[in-house]
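Architecture and fold: a report
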Amino acid sequence: MQLCFSTLACPNWTLPQIVGAAAAHKLGVDFRGVGAEIDITRLSSFTSEVDSTLELLAAHQIAVPCLATSVTLVAPAAERWQMMLEECHRYAVVAAKTNTRFLRIFGGGVPKGMNFEEARSMAQRHLRQLVKITSPHNCMPLIETHDDWSTSPRVLDLLGEFSPEDVGVLWDLEHPYNHGEAPSKTAELLKPFLRHIHIKDGKREGEKSLPRLLGEGELPLVELIGAVREAGYEDWICLETEKRWHPTVAPEPEESLPQFVRFMQKQWPRP
C-alpha cells in the first residue's frame, strides 16, 4: 500500500508547493488541477515546460499514479464527445511523460430521454475508443464509482466486454457506500478490475457532503479500509479532500495531508 493525494485538496498551491508537500510527507500526487486551472494539460508546466516539471518530480522522487480527467463516457452530443477524445489524448501524452499508469474517467449521468441500456451502450462504445487512445501511451482508463455508475453491479455491467488488462476501476470509497452497498460486496465484485482508491470523509448537510478530516465525518472508514485489505489490494490510496469544491469548509492541506498519513499509518501500517 502506498499513499498519494489529489490536488483537489490544495487548489491554491503552486506546483513547487505541491511537490514540496508530497516530498515532506512521502506521498505521490494525483493531479486534478493546479491553481485556477482544472485541466493540467492546458498548463505550460505540462506542455512547453514539461521537462522542468519532470526534473522537479524526479528530484524529489515523486510518483504520479493517476491523472484525473474530466472525460465522461455518456456524452450524447458529437461535439462534446470529440472534446472528450481530445482531452483523453492530451492526458495520455502527459501520462507517458510522467510514467503514470492510469487516467481517471467518469461514466456520467444518464440524461433525460435516454434509458440505462442506451447509456450503457454509448458508454461502452466510447470506452472502446479511449482504450485505443491510451494503450499506445502505456496507460489505461479507470472508471470511477460515481454518478449513475456508483455501485459495483452497475460498473461491472458497463465493463462486461472489457479485460482488466485494458480498463480498470477507481473505487471512490464514498459513493458505493452512500448508495447502500456493503463495503465487503464492493471489494469482492470489483477485485478483478480494482486499480486505484479514493478516500475521503464528510458530514452530510442537506444534499451535500461537506469535507472533514478522516475519521471526523460519517463514513465507516475502518470498515471500508478493512474491505480494501481483504480484497488483497496493495496499490495506491489517494486522499481526495475536495477543498477545490468546498473552499470555506474543507480543512487546509497543511492539516489534511499529515492527518491522512497518521490516520492511514494507524489503520494500515507501512514498513
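Residues numbered from 1 in each chain as written. Predicted model: local features only at pLDDT ≥ 70, side-chain atom pairs only at ≥ 80, totals over all residues. Heavy atoms only, no water.

1. A few points about the packing of aromatic side chains
Pairs of aromatic rings are described using the distance from one ring centre to the other and the angle between the two planes. As a reminder, the rule being used: Side-chain rings of Phe, Tyr and Trp (the six-membered ring for Trp) are treated as a pair once their centres are within 6.5 Å; stacked means planes under 30 degrees apart, edge-to-face means over 60, and tilted covers the remaining angles. Working definition: helices are DSSP H or I runs of at least four residues, strands are E runs of at least two. Numbering for both runs from the N terminus. When accessible area is computed with a 1.4 Å probe and restricted to protein chains, residues below 20% of their type maximum are described as buried, those above 50% as exposed, and intermediate ones as partly exposed.
Within the structure shown, the criterion is met by two aromatic pairs. Arranged with centres 5.1 Å apart and planes meeting at 70 degrees, the rings of Phe31 and Phe46 form a pair that is edge-to-face. Highlighted residues: Phe31 in the loop between strand E2 (28-30) and helix H2 (50-59) and Phe46 in the loop between E2 and H2, separated in sequence by 15 residues. Across the pair, exposure class does not vary: Phe31 and Phe46 are buried alike.

2. Things to note about the sheet that holds strand E3 (residues 66-72)
Formally: Here, strands pair whenever DSSP counts at least two bridges between them. Interaxial angles span 0 to 180 degrees and are taken between N-to-C directions of axes, which are lines fitted to C-alpha atoms, for helices over the stretch in contact. Whether two residues are in contact is decided by their heavy atoms: any pair within 4.5 Å suffices.
The parallel open sheet is built from eight strands, whose spatial order is E2-E1-E10-E7-E6-E5-E4-E3. Of all strands in the sheet, those with a lone pairing partner are E2 and E3, marking the two edges. Averaged over all pairs of adjacent strands, the angle between strand axes in this sheet comes to 30 degrees, irrespective of strand direction. Helix-sheet contacts for helix H7 (residues 183-190) involve strand E6 (168-172) and strand E7 (194-199), and the interaxial angle to E6 is about 165 degrees.

3. Some points on the side chain of Arg195
Basically, it comes down to this: Whenever a nitrogen or oxygen atom comes within 3.5 Å of another N or O atom, the pair is scored as a polar contact, on the condition that within protein one atom can donate a hydrogen and the other can accept it, and that pairs from neighbouring residues in sequence are kept only if both atoms are in side chains.
Looking at the secondary structure, you find Arg195 in strand E7. At 3.0 Å, the side chain of Arg195 and the backbone oxygen of Pro164 are in polar contact. Beyond its immediate stretch of four places on either side in the chain, Arg195 contacts Phe102, Met140, Leu142, Pro164, Gly168, Val169, Tyr233 and Asp235.

4. Brief notes about the pattern of salt bridges
Here is the rule: Definition used for salt bridges: Asp or Glu carboxyl oxygen within 4 Å of a side-chain nitrogen of Lys or Arg.
In the structure shown here, the tally under the stated rule is twelve salt bridges. In this structure, Asp235 engages Arg101 in a salt bridge whose closest nitrogen and oxygen atoms are separated by 2.8 Å. Of this pair, Asp235 sits in the loop between helix H8 (221-230) and strand E10 (236-239) while Arg101 sits in the loop between helix H3 (78-98) and strand E4 (102-106); the two residues are 134 residues apart in sequence, bridging distant segments of the chain. Between Asp172 and Lys200 there is a salt bridge, and its shortest N-O distance comes to 2.9 Å. Of this pair, Asp172 sits in strand E6 while Lys200 is found in the loop between E7 and strand E8 (202-205), placing the two residues 28 residues apart along the sequence. Residue classification places Asp172 among the buried residues on the basis of a relative accessible area of 0%.

5. Regarding the pairing of strand E5 (residues 140-144)
Defined as follows: By the criterion used throughout, a crossover qualifies as right-handed when its path from the first strand across the helix to the second strand runs clockwise, the strands pointing away from the viewer.
Of all the five residues making up E5, five are buried; the element is thus mostly covered by neighbouring parts of the structure. Neither face of E5 is left uncovered, since the one carrying Met140, Leu142 and Glu144 and the one carrying Pro141 and Ile143 both have all their residues buried. Looking at chain direction, E4 and E5 are connected through four bridges and run parallel. Considered in E5, the bridge of Leu103 is made with Pro141. Following the chain from E4 across helix H4 (residues 116-134) to the adjacent parallel E5, one finds a crossover that is right-handed. As judged from the three bridges shared by E5 and E6, these two strands associate in the parallel manner.

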